[in-house]
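Examining the three-dimensional arrangement
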Amino acid sequence: MAMKIEQFFRDTQLEIDHMKKDLQANLQPNVTEELLLFAKHQTGLMMDSVWQNIGWRYNQLQDLDAYFPENPSAEQQQEYRKNFFRLTDPGSISNDLKKALKLDDFELEYWHFINTMEQKEYGAIFKRYEYPEDFFAAIKKGIFNHIEALVGALQRYAEALGKHALILKEMKASQGEKAIIKGSATALGLLVGLPFVGAGVGALLGGNDRSKIADSLGTISKDWNTYEQQLHQFLNRLEEHLELAILAVYGGTILRVNEQLKTLNLQIQNLAMDDYGYILELTPDERLNIYEWVREATAGIQSLIKQGRFQEAIQVANKFHAAVKKHPVVGRDRIEGKLSTLYIAHQHTFMAYEEALLTEYRNGHMDSFYQMAKQLLGELYLLVNNKHLYTVQEELLFRFLKEALKRKQHEDIKLTTEYTKRVEERMEKYQLYAGELTERSTPEELALQFNDDYKGYIAIEQFMEEVLGMDVGESEGDNPILTRKQWKQLIEIDASIGQVDAFTVFLRKKLWKYAGRKFNKHKRKIAATAAAIMIGVTGLQYGDDVYSYGSNKLASVEWTAWIGGSEEQAQAKEVFQINTDYGNIRKDASLDAQIVTVVSRDMDLVSLLEIRTDGEGREWYLVEAPDGVQGWISSGIVE
């Protein structure tokens, strides 16, 4: 430091104010606040230790005073004086105060702080700017100097007590046992009290003796007042000295480290002094530069993708992604406060690969598609939200899954679950990047959003476990629950691929099971509402009453699986199955018509009693599938 440590502690409050201004001018407001709170807290802990030491001595003196008899023996008087001067011994008090301050522990804790920070991001800078041992020695000297001044005042007080005791001893020899004197430990609630306030001492002594006593007591009182004043000042100033020392040591280190970080275009964003941690961010100017760079890079990648120049898009995206990964602070930084840079780089890499892979698939280059897809899934690190892609990622995932099933390479499907496990591990360590998940206010909302954003991965994981019998490392009940709407969305994506397989059937069954549970749970309410509507138009004026009436009437009905009538009526409906493993139900009675759903051999189809013949003489039946979808199925595959 520029000034000597003695000068540093000369006007402590002024130095504290200067330090606070330096922190506020050079650090983020929350970082400054954290340092100031830390200094206050640590100062409080150190002062508690001092007060405990003072309180112990005060309690000992109180006990000494309380148990001193009214008519003490010579031995009791001697023991009293011995203990009194032991408890008020300046050297002992000085040593105890120095121990109570625990400045050695203060220094050791600082080295722990430095060593912990050194393990963090860019932590080597902390080691470079740590304060040396002689700095702490100077701090100790500056604080101990004030202890010595206090002890000097106590020493003068003790010497006055000693002289007074000699006077009393001489008088006691001439006056017999009439002048019994004792000290007091109750004045002002401090270390020691006003000494030797004897009851009627002056009345027992002659003129010269009275004068000696008065002069002696006057000296003692004066020295006590001086000591008492200095003790108050010492304790008040000690608290300021400790706060300044902590701010100088920790605040000074953070200031110097942050100054060095700024040469790297970084600064401390958040500081946690309870467990010695911090988060870095880009400086404002550097953030603007990064924003421009990200904007140009992503615009270039998007342009290449739109032009169909996928290989070039992949090359640029990979370089962009690699550059961001080299700089973790850049990767975490949010562009315009929304998406992190690493997420944006990851998103564009995935987007370039996805569009290239889908093109390979459509062109029939299955080997190329399959190997590239395996590579991509094996390297994926961050989650990518569908709303940030040109094509929803299930389009790619489902095609990869179907190709793996066709090749009977079930182990390759594990790449999808290994990817989600990598994500889960980061989630447990709170290492998600802005953009991976939509920000929600509660954990429940976040879980629901996760299920919706990444429903394709959830469906594949359940398929692996329930159909393929593969161990995906999930405990019973751990699987997220998808909604009916989400299953329908997945079925639509699967149908658009036009390739029926075990996964297709799995999706249909999932929807059917969900629909069945949903239907059974709410069928009374549905039927009650329908009954209310059937009562007539007048019911519109008394909606609640009509609904209640219908609900009550239907509450006594014995329900079967069919809302439309009795069990006998249900059995009267024409139900049949297909004679192949899978069958397509189409929007119209034609092989060229759109496929609206896919059914398997074990599914019951309900005839809607309508038959059509297409241009080739093929008959088609209008049916309803278990999931409620209606459409046309060829009579050639119906039993």
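Residues numbered from 1 in each chain as written. Predicted model: local features only at pLDDT ≥ 70, side-chain atom pairs only at ≥ 80, totals over all residues. Heavy atoms only, no water.

Quick look at the overall build of the protein chain now. Looking only at helices and strands, one finds 23 helices and ten strands in the protein chain. Counting every position in the protein chain, which comprises 639 residues, the buried fraction comes to 44%. Summed over all atoms, the accessible surface of the protein chain reaches about 33800 Å², with 50% contributed by carbon and sulfur. (Helix = DSSP H or I, 4+ residues; strand = E, 2+ residues; numbered from the N terminus. Buried < 20%, exposed > 50% of the residue type's maximum accessible area, 1.4 Å probe, protein only. Areas by Shrake-Rupley, 256 points an atom, 1.4 Å probe, with all protein chains shown as cover.)

Bringing the packing of helix α15 (residues 366-379) against helix α17 (residues 414-428) into the picture now. Each pair of packed helices gets described by two things: the angle between the helix axes and the distance between those axes. The contact between α15 and α17 brings their axes to 8 Å, and the two run at 20°. In terms of orientation, α15 lies roughly parallel with respect to α17. For the element pair α15 and α17, the recorded crossing hand is left-handed. Where α15 abuts α17, its residues Lys 374, Leu 377, Gly 378 and Glu 379 lie against Leu 415, Thr 416, Tyr 419 and Arg 422. Each residue belonging to the contact of α15 with α17 can be placed in one class, and the counts come to three nonpolar, two polar and three charged. (Axes fitted to C-alpha atoms, helices over the stretch in contact; angles between N-to-C directions. Parallel < 35°, antiparallel > 145°, perpendicular 65-115°, else oblique. Left-handed = near helix turned anticlockwise from the far one by under 90°. Contact = heavy atoms within 4.5 Å. Nonpolar A, V, L, I, M, F, W, Y, C, P; charged D, E, K, R; others polar.)

Take the environment of Tyr 278 next. Topologically, Tyr 278 is positioned in strand β2 (residues 277-282). Look at Tyr 278 and you get buried, because its relative accessible area is 12%. Separated by 247 residues in the primary sequence, Tyr 278 and Val 31 place their C-alpha atoms 9.3 Å from one another. Once residues within four sequence positions are removed from consideration, Tyr 278 is found in contact with Met 117, Lys 120, Glu 121, Tyr 122, Gly 123, Phe 126, Ile 268, Asn 270 and Leu 271. Here the side chain of Tyr 278 touches Glu 121 through a polar contact of 2.3 Å, landing on its backbone oxygen. (Polar contact = N/O pair within 3.5 Å; in protein donor to acceptor, adjacent residues only side chain to side chain.)

The next thing to look at is the nonpolar core. Counting residues in each nonpolar core, the largest one holds 122 residues, and the members touching the most others are Phe 113 and Tyr 250. The element best represented in this core is helix α10 (residues 207-262), accounting for 14 residues. Setting aside chain neighbours within four positions, we find Phe 113 in contact with Phe 126, Tyr 250, Thr 253, Ile 254, Met 273 and Tyr 276. (Core = buried A, V, L, I, M, F, W, Y, C linked by side-chain atoms within 4.5 Å.)

Attention now moves to the pairing of strand β9 (residues 619-624). Both β9 and strand β10 (residues 630-634) contribute to a ladder of five bridges, which runs antiparallel. When the sheet's bridge partners are listed, Glu 624 is paired in β10 with Gln 630. Taken together, β9 and the strand that follows it, β10, pair antiparallel across an intervening segment of five residues, in which Gly 628 is found at a positive phi of about 90°. (Pairing = 2+ DSSP bridges.)

Before going further, it helps to examine the pairing of β2. Taking burial as the measure, the six residues of β2 include five buried ones, the bulk of the element. Of the pairings in the sheet, the one linking strand β1 (residues 266-272) to β2 comprises six bridges and is antiparallel in character. Bridge assignment links Leu 271 to a residue of β2, and that residue is Tyr 278. Counting the residues that bridge the hairpin from β1 to β2 gives four residues, and of these Tyr 276 lies at a positive phi of roughly 55°.

Here the focus is helix α2 (residues 12-26). Look at α2: 21 Å from first C-alpha to last across 15 residues, which is about the 21 Å you get at 1.5 Å a residue. Among the residues making up α2, those that are buried are Thr 12, Glu 15, Ile 16, Met 19 and Leu 23. Down the axis, α2 shows its buried residues gathered within 105° of arc, on one side only. Turned more than 90 degrees off the buried face of α2, the exposed positions are Lys 21, Gln 24 and Ala 25. (Expected span 1.5 Å × (residues − 1). Arc of directions from axis to C-beta.)

Let us now look at the pattern of salt bridges. The full count for this structure, using the stated rule, is 24 salt bridges. Two residues, Glu 130 and Lys 127, come together in a salt bridge whose shortest N-O distance is 3.9 Å. According to the relative accessible area criterion, Glu 130 is partly exposed, its value standing at 25%. Given the relative accessible area of 33%, Lys 127 is considered partly exposed. Three or more residues joined by partner-sharing salt bridges are found here, namely Asp 367, Glu 403, Lys 406 and Arg 407. (Salt bridge = Lys/Arg side-chain N within 4 Å of Asp/Glu carboxyl O.)

Before going further, it helps to examine unusual backbone geometry. Unusually for a residue other than glycine, Tyr 276 sits at a positive phi of about 55°. Here Tyr 276 shows up in the loop between β1 and β2. Look at Lys 408: it is not a glycine, yet its phi comes out positive at around 60°. Considering the arrangement of structural elements, one finds Lys 408 in the loop between α16 (394-407) and α17.

This part takes up the packing of aromatic side chains. The relation between two aromatic rings is expressed through the spacing of the ring centres and the mutual angle of the planes. Counted under the stated rule, the structure contains 24 aromatic pairs. Through pairs of rings, three or more aromatic residues link up here, namely Phe 38, Phe 106, Tyr 110, Trp 111, Phe 113, Phe 126, Tyr 131, Phe 135, Phe 136, Tyr 250, Tyr 276 and Tyr 278. The aromatic ring of Tyr 131 is capped on one face by Arg 256, whose charged end is 4.6 Å from the ring centroid. The positively charged end of Arg 426 is found above the aromatic ring belonging to Tyr 381, 4.5 Å away from the centroid. (Phe/Tyr/Trp six-rings, centres within 6.5 Å; stacked < 30°, edge-to-face > 60°. Lys NZ or Arg CZ within 6 Å of the ring centre and 35° of its normal.)

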